[in-house]
Structure formats: structure tokens, C-alpha cells
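Descriptive analysis of the structure
Given next are the chains, with one letter for each unit.
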Amino acid sequence: MKKGIWADTEVKDLFQYVEEVRKNNSPLKQAFVLHARKYGRAPNSVRNYYYHEIDKLAGDKNRASRLKIDLSHHSKSEVNYFSQEEELLLMNQIDQMVKSGYSVRKACLTLSNGDVDKMLRFQNKYRNYLAKNSNKSNIIKFSKKKKEILTESDINSLFMGLVRLVKRTAVEELSDKMKEERESSNYLLRKALVDLNKKEKEIKDLKSQFLQLKQENVKLNESIMKLRCEKINDSK
């Protein structure tokens, strides 16, 4: 398979992956990653091809029908940009939920009403917001008239705070990665079982056809023997 060329079977596979992850309410990115692993492509390249192919199939209904692709399950997501007021309100909501014990991921999922794509957008927006404000708060203004000296206790507190932040970030990232890998494994297992069931049905059909051919062969042999006997009798 040439990497620049997409066969019909690969196109059908990609759209099937997308439909499956949407049914499971998983991030769309997972479909691109799975397809990229199977066909040796880059996930971003798969993503770009998918959105380009939606437009092509929309203009070629016959090809979409031939490939058995239902475009009602596939659409480009439109980006709705936040106003400053909406962004500030969302950041405050997430911040309050985090302070009350929610993880950032759970808070974003709750506010998105279970929409995973929207949840990821909220999560990225919140982390960018924190990084932007953290950068501002980390600017130290030096005063010529007064110098503040950090005590050993202050230094220890800052150090422990950094340790807790690093641990928390590592746990969240590990949790997200494990969940993504688990979802990928579950999907591949389900697909393998479906394929196995199809193969078993094909084997069953082949056995049935084989038995039918066997019976027809027996009847054919009987007919041949009968014709031979009749020919012998006629020759006498």
C-alpha cells in the first residue's frame, strides 16, 4: 500500500472507526490514532484526510452509497469561540469545582454535559488560562527600597507546593493515558470478536455449500451409473 493512496477498503475502515468511537462517546482523536496504527500513517494525516473526504463524499453521493458510508454520522465540528465574559465565567466555574474536590477533567466533563469533545475543549482552555495567569503571577517585581528575604520555612512550603503540583499533574496525565489505552484495547477486542463471528458464519455457510455439493455429486454419480446400465441393456 502506498502511503499517499487510499484504497476504498481503508476509507471504509476509517469511517467505521469514527462511527464506533462516537457510539462509545470517546474522543474522536482515538479513531485517528487507531487507524494510523493499523495502516502506518500519521494521526494528523488521517485526521486531515477524514475531513477532506467528508467534503468529497458530500459531493459524490454515488461513491458514498457504494462505500456504504452514512454521512449523517459524520460532520465537521464548528468552533464556537468564547467571548471574554463567557471564558471568565467558565474558568470561575471550573475553578470553584476544583476547589470543592473535583478533578479538572471531571469538572469539565460535568459542565459539558457528557460531551467528550466539548470537555476536552474546556479542559485545554482552562489549562491555557492557568498557564497564562501563572506566568503573570510569577513575574517578580523588585523594589529598590525594600528587599524581602525568604525564610527557610517559606522555602520549604514553596518546595512542597511544587512537589504536590508535579504529583497531581503526573497522576492526571497517567490516568488520561491509561484510560485512552484501555478504551483503544476494548475497541480492538470488540472489533476482533465481531470479525471472528463473521468468519464463523462464513465457515458455516461453506460447510453447508460443501454438503450440498456432496449430495449433488452422489445424485450425479447415480445418474451416470443408471445411464451406463441403460446403455448396456440397449446394446444387448
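Above this text you will find the structure in question.
Below or above, wherever it landed, is the structure these notes cover. (Residues numbered from 1 in each chain as written. Predicted model: local features only at pLDDT ≥ 70, side-chain atom pairs only at ≥ 80, totals over all residues. Heavy atoms only, no water.)

In this section: the overall build of the protein chain. Along the backbone of the protein chain there are eight helices and zero strands. The order of helices and strands in the protein chain, counted from the N terminus, is α-α-α-α-α-α-α-α. For the protein chain, the proportion of contacts with a sequence separation of at least 24, taken over those separated by at least 6, is 62%. (Helix = DSSP H or I, 4+ residues; strand = E, 2+ residues; numbered from the N terminus. Contact = heavy atoms within 4.5 Å.)

Should the charged atoms of two oppositely charged side chains come close, the side chains can pair. A full pass over the atoms with the stated rule returns seven salt bridges. Where Lys 38 meets Asp 13, a salt bridge forms, and the shortest distance between an N and an O atom there is 2.7 Å. Residue Lys 38 is found in helix H2 (residues 29-39), and its partner Asp 13 is found in helix H1 (residues 8-23); the two are separated by 25 residues along the sequence. Looking at Lys 38, the relative accessible area reads 44%, which means it is partly exposed. According to the relative accessible area criterion, Asp 13 is buried, its value standing at 12%. Residue Asp 95 pairs with Lys 99 through a salt bridge whose shortest N-O separation is 3.6 Å. Of the two residues, Asp 95 and Lys 99 both sit in helix H5 (residues 84-99), four residues apart, roughly one turn of that helix. (Salt bridge = Lys/Arg side-chain N within 4 Å of Asp/Glu carboxyl O. Buried < 20%, exposed > 50% of the residue type's maximum accessible area, 1.4 Å probe, protein only.)

Below, the discussion takes up the nonpolar core. In this structure, Leu 14 and Tyr 50 are the most contacted members of the largest nonpolar core, which totals 23 residues. Residue assignment for this core shows that the elements contributing at least two residues are H1, H2 and helix H3 (43-58). Non-local contacts of Tyr 50, meaning those with residues more than four positions away in its chain, are made with Leu 14, Phe 15, Val 18, Arg 22, Phe 32, His 74 and Ser 75. Met 91, Val 104, Cys 108 and Tyr 126 belong to the second-largest nonpolar core, a separate cluster that totals twelve residues. (Core = buried A, V, L, I, M, F, W, Y, C linked by side-chain atoms within 4.5 Å.)

What sets the pattern is the α-helix's 3.6 residues per turn: residues three or four places apart point alike. For H1, which comprises 16 residues, the first-to-last C-alpha distance of 23 Å matches the rise-based estimate of 22 Å (1.5 Å per residue) to within 8%. All of the buried residues along H1 are Glu 10, Val 11, Asp 13, Leu 14, Phe 15, Tyr 17, Val 18 and Val 21. Among the residues trailing H1, Asn 25 stands out with phi positive, at a value near 55°. (Expected span 1.5 Å × (residues − 1).)

Enumeration over the complete set of coordinates arrives at five aromatic pairs. Measuring from ring centre to ring centre gives 5.7 Å for Phe 32 and Tyr 50, while their planes differ by 50°; the resulting arrangement is tilted. On the criterion of sequence distance, the pair formed by Phe 32 in helix H2 and Tyr 50 in helix H3 is long-range, its members being 18 residues apart. With relative accessibility at 5%, the residue Phe 32 sits in the buried group. With relative accessibility at 0%, the residue Tyr 50 sits in the buried group. (Phe/Tyr/Trp six-rings, centres within 6.5 Å; stacked < 30°, edge-to-face > 60°.)

With that settled, consider the packing of H2 against H3. Remark: H2 packs on H3, axes separated minimally by 8 Å, with the N-to-C direction vectors making an angle of 115°. Taken together, the axes of H2 and H3 lie roughly perpendicular to each other. Pair H2 / H3 crosses with right-handed handedness. Contact with H2, carried on its side by Phe 32, Val 33, His 35 and Ala 36, involves Pro 43, Val 46, Arg 47 and Tyr 50 of H3 and no other residues of that element. (Axes fitted to C-alpha atoms, helices over the stretch in contact; angles between N-to-C directions. Parallel < 35°, antiparallel > 145°, perpendicular 65-115°, else oblique. Left-handed = near helix turned anticlockwise from the far one by under 90°.)

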